[in-house]
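# Results of the structural survey
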Amino acid sequence: MPRLEDKVAIITGGAAGIGLATAALFLREGAKVCLVDLHQSDLDSAEQELGHAERVYSVAADVSNETDVQKFIQATIAHFGRLDVLVNNAGIECKPAMVHEQTAEHFDRVIAVNVRGVFLGMKYALPHLLKAKSGSIINMSSVAGLDGFGNMSPYVASKHAVVGLTKSAALEAAPFGVRVNSVHPSPIHTRMMRAIEEAMNPGHAKEVQSQFEQIIPMQHYGEPIDVANLVLFLASEESAFITGCQYRVDGGMGAS
Ligand code: NAD
């Protein structure tokens with residue numbers, strides 16, 4: 001039996017990378033999916049790539065904007081009639097620089113998308129899940145949400161904050177049968193990692209990739225599907241007794 005049959009899921013940052021791979025997997029497992037991303041043109045391309053037109057819906061929105069978040073939660077419920085799963089996946093990288101070289105404006109933007117976005121998603125999804133007394137929220141953090149990494153303090157701070165939000169919401173929601181967990185990937189082959197490599201050493205992205213691969217025990221990046229498989233487990237009833245947890249998907253990085 002499909003693992004998400006008749007479940008309705010919202011996936012933010014769903015037009016690319018990990019979010020798009022998660023949407024494809026959820027659809028394969030019987031879910032109805034609302035993709036949220038910044039631009040309707042990207043969402044249209046994603047919808048075309050995914051197929052299953054009757055089970056896919058999309059809303060253009062910025063997760064850091066409160067009105068937008070209210071809109072996509074309400075629109076999904078109006079369209080599909082219910083909400084079971086929220087994947088707070090949208091996120092942005094930060095400029096590579098030491099703390100004293102970062103600007104306050106850039107710090108604020110990274111926090112706005114990566115932390116405020118997760119907070120707002122939970123704020124407006126939880127009333128529906130708590131009322132239904134079931135549901136699963138999966139917040140996308142990073143290995144940078146568990147360990148420190150130099151030259152990316154705004155991103156590291158934002159992903160650590162996701163852990164605090166996840167644990168707090170999990171404690172509040174647990175008595176209602178609603179679960180909240182976070183996922184912590186190491187470098188994954190997506191647009192974001194390519195942007196980070198290029199920003200760290202313009203014109204030498206391949207060399208930067210090799211350097212990253214040296215700190216991953218499995219010695220290679222993960223693929224979006226590696227993360228999507230974990231998100232599927234946390235969205236499904238197979239993880240019914242798991243909440244408030246941080247799951248690494250990191251090629252062994254956490255072992256050292
Ligand atoms: P990606 O850039 O390929 O996709 C992210 C998507 O989020 C894009 O489609 C983008 O348009 C969307 N997005 C960005 N800001 C948004 C906003 N304000 N509102 C709505 N949508 C927005 O990146 P990805 O690698 O698939 O990253 C997905 C998540 O995984 C992020 O939270 C990222 O921090 C996390 N992550 C990625 C890696 C990695 O190596 N790729 C590692 C650890 C964690």
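Because the structure is predicted, anything quoted here is derived from the model rather than measured.

Taken in spatial order, the seven strands line up as 3-2-1-4-5-6-7 in an open sheet, and their pairing is parallel. Because the sheet does not close on itself, it has two edges, and the strands there are strand 3 (56–60) and strand 7 (246–249). If you compare each strand with its neighbour and ignore which way they point, the axes differ by 20 degrees on average. Judged from the four bridges that link them, strand 4 (residues 85–88) and strand 5 (residues 135–140) form a sheet pairing that is parallel. Bridge assignment links Asn88 to a residue of strand 5, and that residue is Asn139. Across the sheet, helix 2 (residues 40–50) touches strand 2 (32–37) and strand 3, and the angle it forms with strand 3 is around 170 degrees.

The next subject is the side chain of Thr12. Within the element layout of this structure, Thr12 appears in strand 1 (residues 8–12). A polar side-chain atom of Thr12 sits 2.8 Å from the main-chain amide nitrogen of Asn89. In this structure Thr12 touches Val36, Val63, Phe72, Val87, Asn88, Asn89 and Ala90, once residues within four positions along its chain are discounted.

One ladder, built from five bridges, connects strand 2 with strand 3; its direction is parallel. Across the sheet, Asp37 pairs through a bridge with Ala60, a residue of strand 3. Handedness of the β-α-β unit built from strand 2, helix 2 and strand 3 comes out right-handed.

Below, the discussion takes up the packing of helix 6 (residues 191–200) against helix 7 (residues 205–214). Running from N to C, helix 6 and helix 7 point in directions that differ by 105 degrees, and their axes come no closer than 8 Å. Relative to helix 7, helix 6 is oriented roughly perpendicular. From helix 6, Met193, Ile196, Glu197, Glu198 and Met200 reach across to helix 7, where they touch Ala205, Val208, Gln209 and Phe212. Looking at the contact of helix 6 with helix 7 residue by residue, the class counts come to six nonpolar, one polar and two charged.

What follows covers the confidence of the model for the protein chain. Confidence along the protein chain averages 98 in pLDDT terms, with 100% of residues attaining 70 or more. Both confidence scores are given for the complex: pTM 0.99, ipTM 0.99.

We now examine the packing of aromatic side chains. Enumeration according to the criterion identifies one aromatic pair in this entry. Judged by centre distance (6.2 Å) and plane angle (80 degrees), the ring pair of Tyr57 and Phe80 falls under edge-to-face. Remark: Phe80 occurs in helix 3 (residues 66–80) and Tyr57 occurs in strand 3; sequence separation between them is 23 residues. Stacked on the ring of Tyr124, the Lys or Arg Lys123 has its end atom at 5.3 Å from the ring centre.

Here is what the cut-offs are and how they apply
- Residues numbered from 1 in each chain as written.
- Predicted model: local features only at pLDDT ≥ 70, side-chain atom pairs only at ≥ 80, totals over all residues.
- Heavy atoms only, no water.
- Pairing = 2+ DSSP bridges.
- Helix = DSSP H or I, 4+ residues; strand = E, 2+ residues; numbered from the N terminus.
- Axes fitted to C-alpha atoms, helices over the stretch in contact; angles between N-to-C directions.
- Contact = heavy atoms within 4.5 Å.
- Polar contact = N/O pair within 3.5 Å; in protein donor to acceptor, adjacent residues only side chain to side chain.
- Right-handed = clockwise from strand over helix to strand, strands pointing away.
- Parallel < 35°, antiparallel > 145°, perpendicular 65-115°, else oblique.
- Nonpolar A, V, L, I, M, F, W, Y, C, P; charged D, E, K, R; others polar.
- pLDDT = per-residue confidence, 0-100.
- Phe/Tyr/Trp six-rings, centres within 6.5 Å; stacked < 30°, edge-to-face > 60°.
- Lys NZ or Arg CZ within 6 Å of the ring centre and 35° of its normal.

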